[in-house]
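Results of the structural survey
Residue-level listing of the chains:
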Amino acid sequence: MDQSRTRLVMGNWKMHGSLAENTVLLDGLLAGAARVQGTQVAVCVPFPYLAQARQALVGSPIGWGAQDISTHERGAYTGEVSAAMLADFGVSWVLCGHSERRALHGETSRQVAEKAVAALGAGLAPVVCVGETLADRDAGQAESIIAEQLAPVLALGADALARLVIAYEPVWAIGTGRTATPDQAQAVHAFIRAALTRHGAGQTRVLYGGSVKAANAASLFAQPDIDGALVGGAALVAEEFLNIAAAVA
Ligand code: 13P
């Protein structure tokens, strides 16, 4: 990767954990945090555990974030969580448009961009997730799908783009054990980088996600346009997650 961009390794716990399990995981992360130098590390936890994450991680080098955000500021939106509520819990990061939310909850690329705007308005950094399905890839449409997903985000302009992060997560690599090869990932990251550069934001970080493990992290991070990782399953084990963060060269 380009050394001028601070590396970022982020865990997405998805719908995993409990107060007791999280205590073990957070304690393990804190115990090993010192061996990860020069890389930003954060975990995106389920909403009910934001208070627990804050209490454990405040003052440590590890940040915390949420996995979703409402596009609305306040009001009759049962079940939703606003940007201001996340800010109340000291959240720095929020995932926007994870493929599971696009697929299972019908989030559109326009809504995802609106979520990014809501996050930025409260001083949170959105992590906007994009990625193609296997059918898209097999049809030769990976880039056009990603371009469609990125378009409303790119339209937010250079200032907004400088304050957010893009995560490329090919849907076929998520939770499947089937990681994109470093070359496959780099090709898409270069495509995303070119789009960002055209919009005056060539230094926006682009993370890779999809079956990242300690064993494959270094070869992914060696690619010039991969600035870190968004990690699912392997983020649930402190040692494995820290090994991934430590693998950023
Ligand atoms: P896995 O690392 O479990 O494949 O999940 C990736 C992901 O979706 C992170 O957001």
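The structure reproduced in this document is the subject of the present report. Predicted model, so just to flag it, every value in this text is computed and none were measured. Numbering of residues begins from 1 in every chain and follows the order in which that chain's sequence is written. Residues qualify for local features only when their pLDDT is at least 70, as the model is predicted, and side-chain atom pairs are given and counted only at 80 or more; totals for whole chains, interfaces and linings, by contrast, use all residues. Each side-chain value is worked out from all heavy atoms of the structure, with water and hydrogens disregarded.

1. Let's talk about the side chain of D227
Looking at the secondary structure, you find D227 in the loop between α10 (214–221) and β8 (228–231). A polar contact is formed between the side chain of D227 and the side chain of R5, at a distance of 2.9 Å. Side-chain atoms alone can form a polar contact between residues adjacent in sequence; in general such a contact is a pair of N or O atoms within 3.5 Å, and within protein one must be able to donate a hydrogen while the other accepts it. A polar side-chain atom of D227 sits 2.8 Å from the main-chain amide nitrogen of V206. Secondary structure elements are defined from DSSP: runs of H or I of at least 4 residues count as helices, runs of E of at least 2 residues count as strands, and each element is numbered from the N terminus.

2. Quick word on the pairing of strand β3 (residues 62–66)
With respect to burial, β3 is a largely interior element, 5 of its 5 residues being buried. A 1.4 Å probe rolled over the protein chains alone gives each residue an accessible area, and that area as a share of the maximum for its type sets the label: buried under 20%, exposed over 50%, partly exposed in between. Side chains I62, W64 and A66 project from β3 onto one buried face, and the interleaved G63 and G65 project onto a second face that is buried too. In this scheme, strands are said to pair when DSSP sees at least two bridges between them. Across 4 bridges, strand β2 (residues 39–44) lies against β3 in parallel orientation. Note on β3: the bridge partner recorded for C44 is G65. As paired elements, β3 and strand β4 (residues 93–96) share 2 bridges and run parallel to each other.

3. A look at the nonpolar core
Residues belong to a common nonpolar core when they are buried Ala, Val, Leu, Ile, Met, Phe, Trp, Tyr or Cys residues joined through side-chain atoms within 4.5 Å. With 67 residues, the main nonpolar core has I69, L86, I166, I192, Y208, F221 and V231 as its most contacted residues. Contacts were defined at the residue level, with two residues in contact if any of their heavy atoms lie within 4.5 Å. Beyond its immediate sequence surroundings of up to four residues, I69 is in contact with V81, S82, A83, L86, V94, C96, K115, A118, A119 and L124. Membership of the second largest hydrophobic core comes to 13 residues, among which are L8, M10, A42 and W93.

4. Considering the pattern of salt bridges
Oppositely charged side chains are able to pair whenever their charged atoms sit close together. Salt bridge, as applied in this entry: a Lys or Arg side-chain nitrogen positioned within 4 Å of an Asp or Glu carboxyl oxygen. Under the counting rule described, the total for this entry stands at 10 salt bridges. In this structure, R5 and D227 form a salt bridge, with 2.9 Å as the shortest nitrogen-oxygen distance. With R5 in the segment before β1 (7–12) and D227 in the loop between α10 and β8, this residue pair connects regions lying 222 residues apart in the sequence. A relative accessible area of 4% places R5 in the buried class. The salt bridge involving K14 is made with E100; its shortest N-O contact spans 2.8 Å. Here K14 is found in the loop between β1 and α1 (19–32), whereas its partner E100 is found in helix α4 (residues 99–105), with 86 residues between them in sequence. The class of E100 is partly exposed, set by a relative accessible area of 28%.

5. With respect to unusual backbone geometry
Backbone geometry places K14, a non-glycine residue, at a positive phi of 50°. Classification of K14 by relative accessible area gives buried; the value is 19%. We note that S211 has phi near 55°; this positive angle belongs to a residue other than glycine. Structurally, S211 is set in the loop between β7 (206–209) and α10.

6. A look at the packing of α1 against helix α2 (residues 50–57)
Axis separation between α1 and α2 bottoms out at 10 Å; the angle between their running directions is 30°. It follows from the interaxial angle that α1 and α2 lie roughly parallel. Two packed elements cross with a definite hand, and for α1 against α2 that hand is right-handed. In contact with L19, N22, T23, L26 and L30 of α1, α2 contributes Q52, A53, A56 and L57. Helix axes use the C-alpha atoms of the stretch in contact, all axes being lines fitted to C-alpha atoms, and the angles between their N-to-C directions lie in the range 0 to 180 degrees. The cut-offs work like this: below 35 degrees is roughly parallel, past 145 is roughly antiparallel, 65 to 115 is roughly perpendicular, and the gaps in between are oblique. With the far helix as reference, a near helix turned anticlockwise by less than a right angle produces a left-handed crossing, and one turned clockwise produces a right-handed crossing.

7. Details of the site of the ligand
Lining the immediate environment of the ligand, one finds N12, K14, H98, E169, A173, I174, G175, G210, S211, L230, G232 and G233. Interatomic distance of 2.8 Å between a side-chain N/O atom of H98 and an oxygen atom of the ligand. Between the ligand and G175 there is a distance of 2.6 Å, counted from an oxygen atom to a backbone nitrogen or oxygen. Here the accessible surface of atoms and residues is derived via Shrake-Rupley with a 1.4 Å probe, and residues count as covered only by protein chains that are part of the display. For the ligand, the accessible surface in isolation is 310 Å², of which the surrounding protein chains cover 96%. Residues were grouped as follows: Ala, Val, Leu, Ile, Met, Phe, Trp, Tyr, Cys and Pro as nonpolar; Asp, Glu, Lys and Arg as charged; and all remaining residues, including Gly, as polar. For the shell around the ligand, the residue count by class is 3 nonpolar, 7 polar and 2 charged. Whether a residue is near a molecule or strand depends on its heavy atoms: if one lies within 4 Å, it is near.

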